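# Commentary on secondary and tertiary structure
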Amino acid sequence: MAQDGNTDIYVMDLRTRRVQRLTNNPAIDTSPCYSPDGRQIGFNSDRGGSQQLYAMNADGGNKQRLTRTSDCSEVHVDWSPTGDKLATTCVFGWGTRHLILINADGSNRQHLSTPLPPTGASAPDWSPDGRRIACGLVNYGAPDLARIKGQRSAAIDSVLGFQYGDEAIHRNNLVVLE
């Protein structure tokens, strides 16, 4: 949620409607995800200069940077059902996305996928049994999206010289990794 031009993470008690700000930093903090036990929140932030994966206590305390990648930005995160791992997507400078798996303490980073056509995976989601991860497939990378932003779908081919689809992410484009 953005307040005063600052994107931070908030939590709201649905019963009382009380809102509590969990992050308060000039950085862009996004994509919060509770751990299965509810004690931690994984999120993405550019507070270190590029979009990286962080975790904090559910009350907003004890923020810790989990990734330190210089070649890509971490976006979207999901905890494994057991809470010991996180799945995230790593966006490289040219817009290609890879699915990444890391331990909850930030160790043992693994690339689970090569770039999935045409530009990669987005928004990982673990199956309840922890054996599979589903991801949406992205039709266009960041540079292409910047060029077609605001254009009608019919103009994509003439603007880019190719067309992978009428939308950036189609609801039916999904891959499941085991």
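Shown above is the structure to which this text applies.
This text gives an overview of the structure that appears in the document.

Rules used in this analysis
Residues numbered from 1 in each chain as written. Predicted model: local features only at pLDDT ≥ 70, side-chain atom pairs only at ≥ 80, totals over all residues. Heavy atoms only, no water. Helix = DSSP H or I, 4+ residues; strand = E, 2+ residues; numbered from the N terminus. Buried < 20%, exposed > 50% of the residue type's maximum accessible area, 1.4 Å probe, protein only. Phe/Tyr/Trp six-rings, centres within 6.5 Å; stacked < 30°, edge-to-face > 60°. Lys NZ or Arg CZ within 6 Å of the ring centre and 35° of its normal. Core = buried A, V, L, I, M, F, W, Y, C linked by side-chain atoms within 4.5 Å. Salt bridge = Lys/Arg side-chain N within 4 Å of Asp/Glu carboxyl O. Pairing = 2+ DSSP bridges.

## A look at the environment of Gly141
- Within the element layout of this structure, Gly141 appears in the loop between β14 (133-138) and α1 (142-148).
- Since its relative accessible area comes to 3%, Gly141 is described here as buried.
- Between the C-alpha atom of Gly141 and that of Val91, which follows or precedes it by 50 residues, the distance is 9.0 Å.

## Some thoughts on the packing of aromatic side chains
- Scanning the model with the defined rule gives 1 aromatic pair in all.
- Considering the side-chain rings of Phe43 and Tyr54, the 5.6 Å spacing of their centres and the 25 degrees angle between planes classify their relative orientation as stacked. Remark: Tyr54 occurs in strand β7 (residues 52-57) and Phe43 occurs in strand β6 (residues 40-45); sequence separation between them is 11 residues. Of the two residues, Phe43 and Tyr54, both sit in the buried class.
- The lysine or arginine in question, Arg47, covers the ring of Tyr54, its NZ or CZ lying 5.6 Å from the ring centre.

## Observations regarding the nonpolar core
- Cys33, Leu53, Ala55, Leu66, Val77, Trp79, Leu86, Cys90, Phe92, Ile100 and Ile102 together form the largest nonpolar core, which totals 11 residues.
- Elements represented by at least two residues in this core include exactly β7, β9 (72-79), β10 (85-92) and β11 (97-103).
- The biggest single contributor to this core is β10, with 3 residues.

## Here's the deal with the pattern of salt bridges
- In the structure shown here, the tally under the stated rule is 4 salt bridges.
- For Arg47, the salt bridge goes to Asp29, with nearest N and O atoms at 2.8 Å. Taken as a pair, Arg47 in the loop between β6 and β7 and Asp29 in strand β5 (residues 29-34) lie far apart in primary sequence, 18 residues in all.
- Judged by its relative accessible area of 28%, Arg47 falls in the partly exposed class.
- For Asp29, a relative accessible area of 1% translates into the label buried.
- Measuring nitrogen to oxygen at the nearest pair gives 3.9 Å for the salt bridge that ties Arg39 to Asp37. For the pair Arg39 and Asp37, one class covers both residues: exposed.

## So, the sheet that holds β5
- Ordered in space as β5-β6-β7-β8, the 4 strands form an open sheet in which the pairing is antiparallel. Of all the strands in the sheet, just β5 and β8 (64-65) have a single pairing partner and so form its edges.
- One ladder, built from 2 bridges, connects β7 with β8; its direction is antiparallel. Bridged to Tyr54 within β8 is Arg65.

## What to know about the pairing of β10
- In terms of burial, β10 is largely enclosed, as 7 of its 8 residues are buried.
- The sheet contact formed by β10 and β11 spans 7 bridges and is antiparallel. Paired with Leu86 across the strands is Ile102, a residue of β11.

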